Amino acid sequence: MTSKDCGSHTHSRRKLIRRIIWSVIFILFIIFLTILLVWAILQPSKPRFILQDATVYAFNVSGNPPNLLTSNFQITLSSRNPNDKIGIYYDRLDVYATYHSQQITFRTSIPPTYQGHKEVNIWSPFVYGTSVPVAPFNAVSLDGDRDNGAVTLLIRADGRVRWKVGTFITGKYHLYVRCLAYINFGNKAAGVIVGDNAVKYTLTSSCSVSV
């Protein structure tokens, strides 16, 4: 084989490799474009959350000065998937409470789950904290609200979700849920006594959701 033949063979091989690479790129582009078109046509909607109730077992400010909060309550949180043809994977969902933008409980993890089309999931996690330090200005405000008979908390759920369209599953997206909880401690008639010093308050509060 002459050097001319070797050069011709090498050139043909490079040309074939280039064709294969461009063919793969074209196929991937078509797949990506198809996914985008399907996604745009289906127009996925965010899940809808409602904070249904909260059962308060403990909520006390202690210490000297009073800046340690011990709390224990169980909430009922429902989520509805409004989509007809899109499922939702909840890979992670951590629930906790805040007061004036400060976290006042530990995070409680909800087990990973899949939510089908138009499906409703209901979770009842315990949200609690023992002797959690509270900023001095928040401690004074919290203690005053408690003495006045009502405390407004923000129940948060932070997590990661994936969307399922047919057999295609997207990457992970951040999910942020915010629910206002108005706890009327001053009027036990506003709730239902469910045990030793435990009161269940019906809230039915729609939550804001961002993805």
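Residues numbered from 1 in each chain as written. Predicted model: local features only at pLDDT ≥ 70, side-chain atom pairs only at ≥ 80, totals over all residues. Heavy atoms only, no water.

1. Section: the overall build of the protein
Let me state the cut-off plainly: By the criteria applied, helices consist of DSSP H or I runs no shorter than four residues and strands consist of E runs no shorter than two, each listed in order from the N terminus. We compute the radius of gyration over the C-alpha atoms and compare it with the globule rule, which gives 2.2 Å times the number of residues raised to the power 0.38. The buried label applies to any residue whose accessible area, calculated with a 1.4 Å probe on protein chains only, is under 20% of its type's maximum; exposed applies above 50%, and partly exposed to all values in between. We call two residues in contact whenever any of their non-hydrogen atoms come within 4.5 Å of each other. Accessible surface area values rest on a Shrake-Rupley calculation with a 1.4 Å probe, where residue burial reflects the displayed protein chains alone. Here the positive residues are Lys and Arg and the negative ones are Asp and Glu; neither His nor the chain ends is included. Lys charges are placed at NZ, Arg charges at CZ, Asp charges at CG and Glu charges at CD.
Of the regular secondary structure elements, the protein holds 2 helices and 14 strands. Radius of gyration (C-alpha) of the protein: 27 Å, far over the 17 Å computed for a compact globule of 211 residues. Dimensions of the protein, computed from C-alpha atoms along their principal axes, come out at roughly 95 × 40 × 25 Å. Buried residues in the protein amount to 36% of all 211 residues. Sequence-distant contacts in the protein: of pairs separated by 6 or more residues, those separated by 24 or more amount to 72%. As presented, the protein carries roughly 12,500 Å² of accessible surface, and 58% of it is formed by carbon and sulfur atoms. Where the 22 positive side-chain charges of the protein centre and where its 11 negative ones centre are 18 Å apart.

2. Section: the state of the cysteines
Inclusion rule: Cysteine sulfur atoms that come within 2.5 Å of each other are treated as a disulfide pair.
Inspection of the entire model under this criterion finds 1 disulfide. Note on cysteine connectivity: Cys179 is disulfide-linked to Cys207, with sulfurs 2.0 Å apart. Residues Cys179 and Cys207 are joined by a disulfide whose S-S torsion is about 110 degrees; by sign, that bridge is right-handed. Of the two residues, Cys179 is situated in strand β11 (residues 173–183) and Cys207 in the loop between β13 (198–206) and β14 (208–210); the sequence distance between them amounts to 28 residues. Judged by relative accessible area, which is 14%, Cys207 ranks as buried.

3. So, the UniProt feature "domain: Late embryogenesis abundant protein LEA-2 subgroup" (unreviewed entry) in the protein
Inclusion rule: UniProt positions are given in the numbering used here, feature names are shortened, and annotations may be inferred rather than shown by experiment.
Mapped onto this structure's residue numbering, the UniProt feature "domain: Late embryogenesis abundant protein LEA-2 subgroup" (unreviewed entry) falls at residues 76–178. Counting secondary structure, residues 76–178 comes out at 13% helix and 60% strand; the distance between its end C-alpha atoms is 14 Å.

4. A look at the pairing of strand β2 (residues 68–80)
As a reminder of what qualifies: At least two bridges found by DSSP between two strands are what make those strands a pair.
The pairing of strand β1 (residues 48–62) with β2 spans 13 bridges and is antiparallel. Paired with Val56 across the two strands is Phe73, which belongs to β2. The pairing of β2 with strand β8 (residues 126–133) spans 6 bridges and is antiparallel. Note that in β8 the partner of Asn72 across the bridge is Tyr128. Sheet analysis places β2 next to strand β7 (residues 120–123), joined by 4 bridges and oriented antiparallel.

5. Considerations on the nonpolar core
The line we're drawing: Only buried Ala, Val, Leu, Ile, Met, Phe, Trp, Tyr and Cys residues count toward a nonpolar core, and they belong to the same one when joined by side-chain atoms within 4.5 Å.
Among the nonpolar cores identified, the biggest contains 41 residues, and Phe49, Leu51 and Ile155 are the most heavily contacted of them. Breaking this core down by element, the ones donating at least two residues are β1, β2, β3 (86–99), α2 (136–148), β9 (151–165), β11 and β13. In this structure Leu51 touches Ile75, Thr76, Leu77, Ile155, Cys179, Leu180, Ala181, Leu203, Thr204, Ser205 and Cys207, once residues within four positions along its chain are discounted.

6. Focus on the pairing of strand β12 (residues 191–195)
By the bridge criterion, 4 bridges tie β12 to β13 in an arrangement that is antiparallel. The partner of Gly195 across the bridge, within β13, is Ala198.

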